[in-house]
Amino acid sequence: MNEVLNISGLTKRYGTLYAIKNLSFKIEKGTVYGILGPNGSGKTTTLSIIMGIIHADSGNFKWFGKDPDHRTYKNIGSLIETPSFYPYLSLYKNLKIITEIKELPSNEIDRVLGLTNLLARKHSQHITLSLGMKQRLGIAAAMLGNPEVMVLDEPTNGLDPEGIAEVRKLIIKEAEAGKTIILASHILDEVEKVCSHVAILKKGKVLRSGKVHELLKNDEMVKITSSKAKELHEALVRGGWQKNIEMNGNEILLSLAEGKTPGELNEFAFKNGFVLDKIEIIKQSLESQFLEIIK
Amino acid sequence: MKKLLNIEFIKTLNNSTFKLIIILHALLFMLLVYFSTKIDISIPGFKVSNMFMFPNVWPLFSWYASWFNLLFLGIIIIVLTGNEFSFRTSRLMISNGISRNEFLMGKLMLILLISAWGMTLIFLAGSISGFIFTDKLSLISFFENSHILLIYFVQAIAYMSLALFFANIFKNNALSIMMYLLYFIMIEPLFRLFLPKAIRPYLPVKLISGLTPLPEFFAIGSDDSMISINGKSPLELQGINLFPESIPTYLSLILAVAYISLFITASWYIIKKRDF
């Protein structure tokens, strides 16, 4: 079974407002799947539904090809929203509760506390931890039992740059070990650096999804400078060369339509009598694509 | 079951509010017991110490303890359940593989344990008092009326089940405690005023609190000189109709168990349907 999660037509409404609407996507085993979207796009709602915390109004989802029950979640590590722990309990006792639920040996606690650099604070009360440490504890909890699948909602929230780098390293290490990681984030850089696949959400709908590098490749931008920019712009639009096209003075910025290459564009311009002063290929960052997509 | 108990033990035995309430509960109850045994009233034909003898001590101490059920034990359950919502640890539990039924079951186990703790306190206090004050000790007098401990146990469960229901509805400790107490002291008593007299004793608070009724102090405190020919004290209040006729104990128990089932079912339904 290569399919870890299959979400089909998931809808959740709060009053008249749709948190997610008819959401569908599949996650394959061994992928690091980013769910990317601005605040309020439905990322946490989606993860909360698939982790059994909230109920969907309609639609369904299957974990490992089956309808989930509470036992399913024992094999999934999760960090949903702000990590929630008992503030009066020590780190050890908080994690002990999870090992009891998941029926794991207690030595797992030291292992994950070591991985997240929290071992020295093992007996500190949770309330005494900094925000970053609490976040790391959340990740430690998700790693208990070395689960095959981890669901992480904004895992670098509240961390300093060093902490962010550490957590990303941890996630990449887990991914390299063949784990499936579902990561919700509004930080584009994070998704670009960590994820192999991405689904971009806006207002509870998937706007685009696929492999991160393919999404990037498909959206290479070509920047052309020509003294006859206006005429060239018209010719390109007529010829259907663009997915998106913008003109600013002598400069034209376009993302090429499916199947078209920058070389063919250059040839087209030459054959139609346009002299290109400059042709430049710009690999569009996920950030600019993201902003463009959710515009 | 063992797993759920372990989890609840980690959560509760390390909770300072829980420890404080439990210690306060035991301390105040023991103090009440101690000071009440020191009361000295001089009424001809009435001996205060008779109230602390076997078997009179069981209904008396159960009645004392019932007040603490309402105040302390109910509030403990509200705090422990409400914490799960205010700390959002209910999410942690569910997302790590506790089912919604197990989530409720954990709290029900706590209710049973706390009720057993309350019953044990009465048993200990009653035994000590009985052994000190009873002139002619016998197994019969020790066990007579001791069934009221089980009735107390049911009452404690009933109070805490209602508290659990309020905690699940309101999710907020302060609001739940306020509504729980208001229900007892204002909402139901007011509601009762608008109902026919025949129905009033069957409302939850009236019925549950009636499980451990106010003992007939004068009857149980009467000395031998006041016992009439038919074996009953002329001061026995039921006899002179100062108190209205109460519901038979067996019926009260059955209805209390029905109310417990109702409160638990309502809590189960809320938890099942709730988005955590």
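Criteria and cut-off values
Residues numbered from 1 in each chain as written. Chains lettered and ligands numbered in written order. Predicted model: local features only at pLDDT ≥ 70, side-chain atom pairs only at ≥ 80, totals over all residues. Heavy atoms only, no water. Pairing = 2+ DSSP bridges. Helix = DSSP H or I, 4+ residues; strand = E, 2+ residues; numbered from the N terminus. Axes fitted to C-alpha atoms, helices over the stretch in contact; angles between N-to-C directions. Contact = heavy atoms within 4.5 Å. Patch = residues over 30% accessible without salt bridge, like charges linked within 9 Å, V, L, I, M, F, W, Y side chains within 5 Å. Areas by Shrake-Rupley, 256 points an atom, 1.4 Å probe, with all protein chains shown as cover. Salt bridge = Lys/Arg side-chain N within 4 Å of Asp/Glu carboxyl O. Buried < 20%, exposed > 50% of the residue type's maximum accessible area, 1.4 Å probe, protein only. Buried area = accessible area lost by both parts, 1.4 Å probe. Polar contact = N/O pair within 3.5 Å; in protein donor to acceptor, adjacent residues only side chain to side chain. Expected span 1.5 Å × (residues − 1). Arc of directions from axis to C-beta. Right-handed = clockwise from strand over helix to strand, strands pointing away. Domains from an automatic or database assignment. Core = buried A, V, L, I, M, F, W, Y, C linked by side-chain atoms within 4.5 Å. pLDDT = per-residue confidence, 0-100. Phe/Tyr/Trp six-rings, centres within 6.5 Å; stacked < 30°, edge-to-face > 60°. Lys NZ or Arg CZ within 6 Å of the ring centre and 35° of its normal.

So, about the sheet that holds strand β11 (residues 242-248) of chain A. All names here are of chain A. In space, the four strands of this open sheet follow the order β11-β12-β10-β13, with antiparallel pairing throughout. Because the sheet does not close on itself, it has two edges, and the strands there are β11 and β13 (276-282). Mean inter-strand twist for the sheet, computed between neighbouring axes without regard to direction, equals 15°. The sheet contact formed by β11 and strand β12 (residues 251-256) spans six bridges and is antiparallel. Among the inter-strand pairings, Met247 is bridged to a residue of β12, identified as Ile252. Its contacts with the sheet put helix α8 (residues 229-239) on β10 (221-226), β11, β12 and β13, and the angle it makes with β11 is roughly 165°. Running over the sheet, helix α9 (residues 262-271) touches β10, β12 and β13 and is turned about 165° from β13.

With that settled, the discussion passes to a nonpolar patch on the surface. Residue and element names in this part refer to chain B. Together, Leu24, Leu27, Leu28, Leu31, Tyr34 and Phe35 make up an exposed nonpolar region whose accessible area comes to about 550 Å². With respect to the helices, strands and loops of the structure, Leu28 is situated in helix α2 (residues 16-37). Classification of Leu28 as partly exposed rests on a relative accessible area of 34%.

On to the interface of chain A and chain B. Listed by partner, the interface residues are 27 residues for chain A and 27 residues for chain B. Taken together, the two surfaces of chain A and chain B that pack against each other cover about 2,600 Å², and 58% of this comes from carbon and sulfur. Run the count over chain A and chain B and you get 18 residue pairs in polar contact (both at pLDDT 80 or more). Looking at which element gives the most residues to the side of chain A that touches chain B, the answer is helix α2 (residues 91-102) of chain A, with seven residues.

Time to look at helix α5 (residues 161-176) of chain A. All names here are of chain A. Taking 1.5 Å per residue, 16 residues should reach 22 Å; α5 reaches 22 Å between its end C-alpha atoms and fits that length. Taken together, the buried positions of α5 are Gly163, Val167, Arg168, Leu170, Ile171, Glu174 and Ala175. Buried residues of α5, viewed axially, fall in a sector of 155°; they line one side. The exposed residues of α5 that point more than 90 degrees off its buried face are Pro161, Glu162, Lys169, Lys173 and Glu176. Structurally, α5 contributes buried residues whose contacts are with β3 (32-36), α3 (107-115), α4 (131-143), β6 (149-153), β7 (180-185) and α6 (188-194). Once α5 ends, the next one or two residues include Gly178, with phi positive near 95°.

Moving on, we come to the pairing of β7(A). All names here are of chain A. Of all six residues in β7, six are buried, a share of seventy percent or more. With burial as the criterion, each face of β7 is covered, one bearing Thr180, Ile182 and Ala184 and the other bearing Ile181, Leu183 and Ser185. Pairing analysis gives five bridges linking β6 to β7, with the strands arranged parallel. What sits directly across from Val151, in β7, is Ile182. In this view, the connection linking β6 to its parallel neighbour β7 by way of α5 has right-handed handedness.

So, on to the side chain of Thr45(A). Residues and elements named next belong to chain A. In this structure, Thr45 sits in helix α1 (residues 43-50). Classification of Thr45 as buried rests on a relative accessible area of 14%. Apart from the residues lying within four places of it in its own chain, the contact partners of Thr45 are Lys12, Tyr14, Ala19, Ile20 and Ile54.

In terms of domains, chain A is made up of domain 1 (3-215) and domain 2 (220-294). Placing the centre of domain 1 of chain A and that of domain 2 of chain A at their C-alpha centroids yields a distance of 40 Å.

Here the focus is the nonpolar core. In a soluble, globular protein the nonpolar side chains are often hidden away together inside. Core analysis: the largest hydrophobic core is formed by 108 residues, its most contacted members being Leu5(A), Met51(A), Phe61(A), Trp63(A), Ile182(A), Phe29(B) and Phe61(B). Top contributing element to this core by residue count: helix α3 (residues 57-86) of chain B, with 18 residues. The contacts of Phe29(B), once residues within four sequence positions are left out, are Phe61(B), Tyr64(B), Ala65(B), Phe68(B), Leu121(B), Ile122(B) and Ala125(B). Counting residues in each nonpolar core, the second largest holds 40 residues, with Val32(A), Ile98(A), Leu144(A) and Phe290(A) among its members.

What follows covers the confidence of the model for chain A. Confidence in the prediction for chain A averages 90 pLDDT; 96% of positions are at 70 or higher. Helix α10 (residues 286-294) of chain A is the least confidently modelled element of chain A, averaging 69 in pLDDT, while α2(A) averages 97, the highest of any element.

Residues and elements named next belong to chain A. One open sheet holds the six strands; their spatial order is β5-β6-β7-β3-β8-β9, and the pairing between them is mixed. The open sheet terminates on both sides in strands that have one partner only, identified here as β5 (76-79) and β9 (205-211). The sheet shows a mean angle of 10° between the axes of neighbouring strands, direction not considered. α4 contacts β5 and β6 of the sheet and is inclined by roughly 165° relative to β5.

All names here are of chain B. Within the secondary structure layout, Leu124 lies in helix α5 (residues 100-133). Assessed through its relative accessible area of 43%, Leu124 is described here as partly exposed. Linking Leu124 and Met30, residues 94 residues apart in sequence, is a C-alpha distance of 9.8 Å.

Okay, the confidence of the model for chain B next. Residues and elements named next belong to chain B. In this model, chain B carries an average pLDDT of 88, and 89% of its residues clear a pLDDT of 70 or more. Here residues 239-243 is a poorly scored stretch, pLDDT under 50, and it has five contacts once near neighbours within four places are set aside; other chains count. Predicted as a complex, the structure gets a pTM of 0.84 and an ipTM equal to 0.85.

Bringing the packing of aromatic side chains into the picture now. Considering all chains together, one arrives at 33 aromatic pairs over all chains under this definition. Relative to Phe64(A), the ring of Trp63(A) has its centre 5.9 Å away and its plane inclined at 35°; by these criteria the two rings are tilted. A residue is classified by how much of its surface remains accessible, and Trp63(A), at 1% relative accessible area, is buried. Here Phe64(A) falls in the partly exposed class, since its relative accessible area comes to 32%. Look at Tyr180(B) and Phe184(B): their rings are 4.9 Å apart centre to centre, the planes differ by 65°, and that puts the pair in the edge-to-face class. Taken together, the positions of Tyr180(B) and Phe184(B), both in helix α8 (residues 173-193) and four residues apart, correspond to about one turn of that helix. Its relative accessible area of 8% is what places Phe184(B) among the buried residues. These aromatic residues form a ring-pair network of at least three members: Phe29(B), Phe52(B), Phe61(B), Trp63(B), Tyr64(B), Trp67(B), Phe68(B), Phe72(B) and Phe133(B). Lying over the aromatic face of Phe103(B), Lys107(B) brings its terminal NZ or CZ to 5.5 Å of the ring centre. When the ring centre of Phe85(B) is taken as origin, the NZ or CZ atom of Arg274(B), which lies over that ring, is 5.1 Å away.

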